[in-house]
Amino acid sequence: MAQDTSRGIAAGHARRVSCLSEAYVLAGRIDEAVDLAASALAFARTLKARGNEAYALWLHGEIHAQQEPLASEAADAYYQQALALADELGMRPLQAHCHLGLGTLYVAIGQREQASTALSAAIALYRDMEMTFWLPQAEAALA
């Protein structure tokens, strides 16, 4: 990322920042992830890189879904925005991840019917694309 900045490289920068932010989320370093995700979203929007924007929106949903206390309304809004853009752009893996995020969020806040719908959609997409890494996680959340 530092090399991107020093060399003036714009292509792919938002995606790389998002990936680093996602790594921070996975490591439980939410505070650091928030700043990077905001940067990635702003950069993607500035460049009108809609695919990167969709991914950054999903990442914001992930971050808000893991915050303490749970920021369920914000997480839901970000997931929905990411899903709408992913649908429009045909980004099926991201669609599946959005459904998984929404389903997991709905389980956490006790909305069982919405959780079932979202998780079933995630499972169907993961199966259709043979994305077996995430399939057990979605199936466990549905159970």
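Everything here concerns the structure above.
What comes next is a walk through the structure. (Residues numbered from 1 in each chain as written. Predicted model: local features only at pLDDT ≥ 70, side-chain atom pairs only at ≥ 80, totals over all residues. Heavy atoms only, no water.)

## Considerations on the overall build of the protein chain
To be explicit about the condition: Strands are runs of DSSP state E lasting at least two residues, helices are runs of H or I lasting at least four, and both sets are numbered from the N terminus onward. Put simply, the radius of gyration uses C-alpha atoms, and a globule should come to 2.2 Å times the residue count raised to 0.38. Throughout, exposure labels follow a simple rule: accessible area from a 1.4 Å probe, protein chains only, divided by the maximum for the residue type, with under 20% read as buried, over 50% as exposed, and the rest as partly exposed. Computed by Shrake-Rupley with a 1.4 Å probe, the accessible areas treat only the displayed protein chains as cover when residues are assessed. Counted as positive: Lys and Arg. Counted as negative: Asp and Glu, with His and the chain ends omitted from the count. Positions of charges follow a simple convention, taking NZ of Lys, CZ of Arg, CG of Asp or CD of Glu.
Across its full length, the protein chain holds eight helices and zero strands. Each helix (α) and strand (β) of the protein chain, taken in turn from the N terminus, gives the series α-α-α-α-α-α-α-α. Taking 2.2 N^0.38 as the reference for a compact globule, 143 residues should give roughly 15 Å; the C-alpha atoms of the protein chain span a radius of gyration of 15 Å, in line with that estimate. Counting every position in the protein chain, which comprises 143 residues, the buried fraction comes to 40%. Approximately 7700 Å² of the protein chain is accessible, and the part contributed by carbon and sulfur atoms is 53%. Each charge class in the protein chain can be summarised by its mean position, and for the 10 positive and 16 negative side chains these summaries are 7 Å apart.

## Observations concerning the environment of isoleucine 63
Tracing the sequence through the fold places isoleucine 63 in helix H4 (residues 50–66). For isoleucine 63, a relative accessible area of 1% gives the class buried. Sequence separation between isoleucine 63 and arginine 29 is 34 residues; the distance between their C-alpha atoms is 9.8 Å.

## Some points on the nonpolar core
The following threshold applies: Residues enter a nonpolar core if they are buried and are Ala, Val, Leu, Ile, Met, Phe, Trp, Tyr or Cys, with the set joined through side-chain atoms within 4.5 Å. Contact between two residues is taken to exist if any of their heavy atoms lie within 4.5 Å; hydrogens are not considered.
Counting 29 residues, the largest nonpolar core has Trp58, Ile63 and Leu94 as its most contacted members. Going through the elements one at a time, helix H2 (13–26), helix H3 (30–47), H4, helix H5 (72–89), helix H6 (92–108) and helix H7 (112–128) are the ones with two or more residues in this core. Considering every element that reaches this core, the biggest residue donor is H4, with seven residues. For leucine 94, the residues in contact, after removing those within four places along its chain, are Ala54, Tyr55, Trp58 and Ala86. In this structure, Leu119, Ala122, Leu125 and Ala138 belong to the second largest nonpolar core, which totals 10 residues.

## Some details on the packing of H7 against helix H8 (residues 135–142)
As a reminder, the rule being used: Angular values range over 0 to 180 degrees, each being the angle between N-to-C directions of two axes fitted as lines to C-alpha atoms, with helices fitted over their stretch in contact. Any angle that falls under 35 degrees is termed roughly parallel, while one over 145 is termed roughly antiparallel, one within 65 to 115 roughly perpendicular, and all others oblique. Each crossing is labelled by how the near helix is turned from the far one, with a counterclockwise turn of less than a right angle marking it left-handed and a clockwise turn marking it right-handed.
It is the contact of H7 with H8, at a shortest axis distance of 9 Å, that shows an interaxial angle of 155 degrees. It follows from the interaxial angle that H7 and H8 lie roughly antiparallel. The interaxial crossing formed by H7 with H8 has left-handed handedness. Contacts between H7 and H8 involve Ser116, Leu119, Ser120, Ile123, Tyr126 and Arg127 from the first element and Leu135, Ala138, Glu139, Ala141 and Leu142 from the second.

## Details of the side chain of serine 21
By the element assignment, serine 21 lies in helix H2. Serine 21 sits in the buried class, given a relative accessible area of 0%. Setting aside its immediate chain neighbours within four residues, serine 21 contacts Ala33, Leu36, Ala37, Leu59 and Ile63.

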